[in-house]
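Structural overview
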Amino acid sequence: MPRSTSAPKPAVRGLRLDQALQLLRQAGHELPADAPGSEAWLQGLIDSLVDLSSRDALTGLANRRSFELALAREIDRVARVGEPALLLGLDIDHFKQVNDSFGHAAGDAVLQALGRAFTEGLRTSDGVYRIGGEEFALLMPDADGPQALQRLQALRLHIATQALVPDQRRVTFSAGVATCQSGHCT
């Protein structure tokens, strides 16, 4: 009798799926549409949980965990292929003052607005990550130093025109740039 090459059917009994489903509902994720307990339903559930665990709940951006994985892949790619890559670290200036003066809801709105601003105009290969409270990272494969300066200048100008807090004060950010090429990063 030939052996089956298909994966074994998952045993749904005994799994604590209620909490997983509750987390997905709370986050506003679509629940799997397939028949509950089926392989397709379980795979949809796993995919949704992976997505939930890799995104920042406030901004919807990829989170620090996703950033660390993407950075490791990018460093490996640069070492293998030799094409350049950029890492931009961005930190909102005086963010504590925003929270202290206008409350955390205003601070959250600033983080969301900046997250959207950082993603505008990116290439599909670029990534934007929220890696800490008011800290963001942009990972740009196949980009060099002049492109980083262009991107930072465009971001600075775009954000400088936005009134992101109630008293119309402008929000600024500080940035650092690291470049990698042929396995050498500076």
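Residues numbered from 1 in each chain as written. Predicted model: local features only at pLDDT ≥ 70, side-chain atom pairs only at ≥ 80, totals over all residues. Heavy atoms only, no water.

Attention shifts here to helix 1 (residues 17-26). Burial in helix 1 covers these residues: Leu17, Ala20, Leu21 and Leu24. Each buried residue of helix 1 sits inside an arc of 95° when the element is viewed along its axis, so together they form one side. Residues of helix 1 that are exposed and point over 90 degrees away from its buried face: Asp18, Gln19, Gln22 and Gln26. A positive backbone phi angle near 80° is found at glycine 28, which sits one or two residues after helix 1. (Buried < 20%, exposed > 50% of the residue type's maximum accessible area, 1.4 Å probe, protein only. Helix = DSSP H or I, 4+ residues; strand = E, 2+ residues; numbered from the N terminus. Arc of directions from axis to C-beta.)

What follows covers the packing of aromatic side chains. For the coordinates displayed, the defined rule picks out three aromatic pairs. For the pair phenylalanine 118 and phenylalanine 136, a centre-to-centre distance of 5.0 Å together with 70° between the ring planes defines the contact as edge-to-face. Residue phenylalanine 118 is located in helix 5 (residues 104-119), and its partner phenylalanine 136 is located in strand 3 (residues 135-141); the two are separated by 18 residues in the primary sequence. Owing to a relative accessible area of 0%, phenylalanine 118 belongs among the buried residues under this scheme. Classification of phenylalanine 136 as buried rests on a relative accessible area of 1%. An angle of 85° between the planes, with centres 5.6 Å apart, marks the rings of phenylalanine 118 and phenylalanine 173 as edge-to-face. Taken together, the residues phenylalanine 118 in helix 5 and phenylalanine 173 in strand 4 (residues 173-181) connect sequence positions 55 residues apart. (Phe/Tyr/Trp six-rings, centres within 6.5 Å; stacked < 30°, edge-to-face > 60°.)

By themselves, these figures tell us nothing about what the structure is for.
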